Amino acid sequence: MTRIDDLPIREELRGKSPYGAPQLDVPVRLNTNENPYPLPEPLVERIAERVREAARELNRYPDRDAVELRTELARYLTRTGGHEVTAANVWAANGSNEVIQQLLQTFGGPGRTAIGFEPSYSMHSLISRGTGTGWISGPRNDDFTVNTEQAEKAIAENQPDVVFITSPNNPTGTAVPAETVLALYEAAQAAKPSLVVVDEAYVEFSHGTSLLPLLEGRPNLVVSRTMSKAFGAAGLRLGYLAADPAVVDAVQLVRLPYHLSAVTQATALAALEHTDTLLAYVDQLKQERDRIVRELWEMGYEVTASDANFVQFGRFEGEGGAHDVWQQILDRGVLVRDNGVPGWLRVTAGTPEENDAFLDAVRELKKEQE
Ligand code: PMP
């Protein structure tokens, strides 16, 4: 049998594993930060209508520049982000993963480097590798906040071409204050200058506000977003960025022509028509997230302050560490995530019933340990 490593693949891919959380068939799945609520029926109907219209023209290529979609995304950002943007400031792709890939293809690449402050979203380093960009792992404090001084130092020393700041951060839930982002932007400009990407995949769940207003007067700053979380549309694959129009022009140099299918554009436009209904679930999920934090604390677990739709909890020291606990929770029918952060696990806020199932499982575990 031919194995991957028998193939003439790129050296840096040898022996590596693809990204992917286990997709196991268990009753309660709280492991990939999805929104637990299916799209409301009127929206499903509207999607069917818009896709039917799009289907009549599938013999043609889609709008390569996705102008209508970018206009609606800009309208959403302007309404909710505290900063006015237009279609010229917005670019969309198949999930924010593709946005990140296009940014790294444009601003990273062979002979260049990117830095992130870890633990953080592992795809930043994996897409860096995939695009031939060197990866630098920057530090965090013990409480998972970004240490501004140490981060500035890491930027000054390494002179990266791309700086990732994830706020709220995955898997820890930690938000990054605007002052820190500003300080790191200044450090990145003094060092190179380099592109600073603020990954706001979870910002709608935050106690605070978006960092979008920081775009003003900062052409090397990018804010990336997704419809996978707050909009409850992970299956749609629609991510987007807001930045100076020059950044939007720059990513055109690497994007595949017609990368966003007509079906994707039609579906995303339908979802954006229902923004208010979809965002109503966000308030509910925030309340549930806060309840999970509270109840875990009351049980005696350590919990990282969360601004996202998930909660990092621990600590699980000793032999099997977090992974054993992950298995014990799974044995009780609840799938959470072991992100490989020693001593910690992550649980996504689901429906109240799913969260109850999770909380009952970990309460039971706690009792057994006592
Ligand atoms: N950024 C962060 C921080 C994430 O956690 C995720 C998804 N897990 C993404 C980006 C990618 O999301 P998508 O490609 O679905 O937009």
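Per chain, residues are indexed from 1 in the order of the written sequence. Since the coordinates come from a predicted model, pLDDT governs what is reported: local features require at least 70, and pairs of side-chain atoms require 80 or more to be given and counted, while whole-chain, interface and lining totals use all residues.

With respect to the overall build of the chain
Step number 1: For the purposes of this entry, the term helix denotes a DSSP run of H or I that reaches at least four residues, the term strand denotes a run of E that reaches at least two, and both are numbered from the N terminus. Counting its regular elements, the chain contains eleven helices and twelve strands.
Step number 2: Since a compact globule built from 370 residues should have a radius of gyration of about 21 Å, the 21 Å found for the chain is in line with a globular shape.
Step number 3: Field definition: a residue is buried when 20 or more other C-beta atoms are found within 10 Å of its C-beta, exposed when 12 or fewer are, and partly exposed for counts in between, with C-beta atoms placed from the backbone. Going through the 370 residues of the chain one by one, you find that 45% of them count as buried. Put simply, the radius of gyration uses C-alpha atoms, and a globule should come to 2.2 Å times the residue count raised to 0.38.

Concerning the UniProt feature "domain: Aminotransferase class I/classII large" (unreviewed entry) in the chain
Step number 1: UniProt annotation of "domain: Aminotransferase class I/classII large" (unreviewed entry) refers to residues 28-361 when read in the numbering used here.
Step number 2: Overall, residues 28-361 shows 43% helix and 15% strand. The separation of its end C-alpha atoms is 11 Å. UniProt positions are given in the numbering used here, feature names are shortened, and annotations may be inferred rather than shown by experiment.

Here we look at the UniProt feature "modified residue: N6-(pyridoxal phosphate)lysine" (unreviewed entry) in the chain
Step number 1: As annotated in UniProt, the feature "modified residue: N6-(pyridoxal phosphate)lysine" (unreviewed entry) corresponds to Lys-229 in the numbering used here.
Step number 2: One can find Lys-229 in the loop between strand 7 (221-226) and strand 8 (239-243).
Step number 3: The exposure class of Lys-229 is buried, given the 25 C-beta atoms found within 10 Å.
Step number 4: By the convention adopted here, residues are in contact when the distance between their C-beta atoms, placed from the backbone, does not exceed 7 Å. Setting aside residues no more than four positions away along its own chain, Lys-229 makes contact with Asn-33, Asn-35, Ala-201, Tyr-202 and Asn-309.

Some remarks on the packing of helix 1 (residues 41-55) against helix 8 (residues 262-273)
The relative placement of two packed helices comes down to the angle between their axes together with the axis-to-axis distance.
Step number 1: The N-to-C vectors of helix 1 and helix 8 enclose an angle of 145°; their axes lie 8 Å apart at closest approach. For the crossing formed where helix 1 meets helix 8, the hand is right-handed. Each of Leu-43, Arg-46, Ile-47, Arg-50, Val-51, Glu-53 and Ala-54 in helix 1 lies in contact with helix 8, whose residues at this interface are Ala-262, Val-263, Ala-266, Thr-267, Leu-269, Ala-270, Ala-271 and Glu-273.
Step number 2: Under the grouping applied here, Gly and all other residues not named as nonpolar or charged are polar, the nonpolar ones being Ala, Val, Leu, Ile, Met, Phe, Trp, Tyr, Cys and Pro and the charged ones Asp, Glu, Lys and Arg. Classifying every residue of the contact of helix 1 with helix 8 by side-chain character gives ten nonpolar, one polar and four charged. Interaxial angle, 0 to 180 degrees, is taken between N-to-C directions of lines fitted to C-alpha atoms, where a helix line uses only the stretch in contact. Take the far helix as the reference: if the near one is turned anticlockwise from it by less than a right angle, the crossing is left-handed, and if turned clockwise, right-handed.

Considerations on the confidence of the model for the chain
Step number 1: Note: pLDDT gives the predictor's confidence per residue, expressed from 0 to 100. Averaged over every residue, the pLDDT of the chain is 95; residues scoring 70 or more account for 100%.
Step number 2: Here the complex is predicted with pTM 0.96, and the ipTM for its interfaces comes to 0.99.

With respect to the nonpolar core
Step number 1: Buried Ala, Val, Leu, Ile, Met, Phe, Trp, Tyr and Cys residues form a nonpolar core when they are connected through C-beta atoms within 7 Å. Counting residues in each nonpolar core, the largest one holds 95 residues, and the members touching the most others are Val-90, Ala-92, Leu-103, Val-163, Leu-184, Val-196 and Val-222.
Step number 2: For this core, the two domains that each supply at least three residues are domain 1 (4-39 + 277-369) and domain 2 (41-274).
Step number 3: When sequence neighbours within four positions are dropped, the list of residues in contact with Val-196 reads Val-163, Ile-165, Leu-184, Tyr-185, Ala-188, Asn-220 and Leu-221. The source of the domain bounds is an automatic or database domain assignment.

What to know about the environment of Val-341
Step number 1: Position of Val-341 relative to the elements: it lies in the loop between strand 11 (334-335) and strand 12 (345-348).
Step number 2: When the C-alpha atoms of Val-341 and Leu-182 are compared, they prove to be 27 Å apart, with 159 residues separating the residues in sequence.
Step number 3: Setting aside anything within four residues of it in sequence, one finds Val-341 in contact with Pro-119 and Pro-171.

Some points on the environment of Arg-237
Step number 1: Among the secondary structure elements, Arg-237 is positioned in the loop between strand 7 and strand 8.
Step number 2: By C-beta crowding, Arg-237 is classed as buried, having 20 other C-beta atoms within 10 Å.
Step number 3: Beyond its immediate stretch of four places on either side in the chain, Arg-237 contacts Asn-94, Gly-95 and Thr-264.

Here we look at the sheet that holds strand 9 (residues 302-303)
Step number 1: Two strands qualify as a pair provided DSSP detects at least 2 bridges between them. In space, the three strands of this open sheet follow the order 9-10-12, with antiparallel pairing throughout. The outermost strands of the open sheet, each flanked by one partner alone, are strand 9 and strand 12.
Step number 2: Inspection of the sheet shows strand 10 (residues 310-314) paired to strand 12 by four bridges, in the antiparallel sense. Considered in strand 12, the bridge of Phe-313 is made with Leu-345.

Notes on helix 6 (residues 178-191)
Step number 1: Every helix has an expected span of 1.5 Å times one less than the residues it contains. Compared with the 20 Å implied by 1.5 Å per residue over 14 residues, the 20 Å span of helix 6 between its first and last C-alpha is a close match.
Step number 2: Of all the residues in helix 6, the buried ones are Thr-180, Val-181, Leu-184, Tyr-185, Ala-187 and Ala-188. One face of helix 6 carries all of its buried residues, which in axial projection span an arc of 165°.
Step number 3: Buried residues along helix 6 sit in contact with helix 5 (148-158), strand 5 (162-166), strand 6 (195-199) and strand 7. Each direction from the helix axis to a C-beta atom contributes to the arc, which is the arc of those directions.

Details of the domain arrangement of the chain
Step number 1: One can read the domain layout of the chain as domain 1 (4-39 + 277-369) and domain 2 (41-274).
Step number 2: The distance between the C-alpha centroids of domain 1 and domain 2 comes to 24 Å.
Step number 3: Contacts between the two partners involve 28 residues from domain 1 and, on the opposite side, 28 residues from domain 2.
Step number 4: Among the secondary structure elements, those contributing two or more residues to the side of domain 1 that touches domain 2 are helix 9 (275-299) and strand 10.
Step number 5: When residues in the side of domain 1 that touches domain 2 are grouped by element, the largest group, eight residues, is from helix 9.
Step number 6: Here the side of domain 1 that touches domain 2 is built from residues that sort into 13 nonpolar, eight polar and seven charged.

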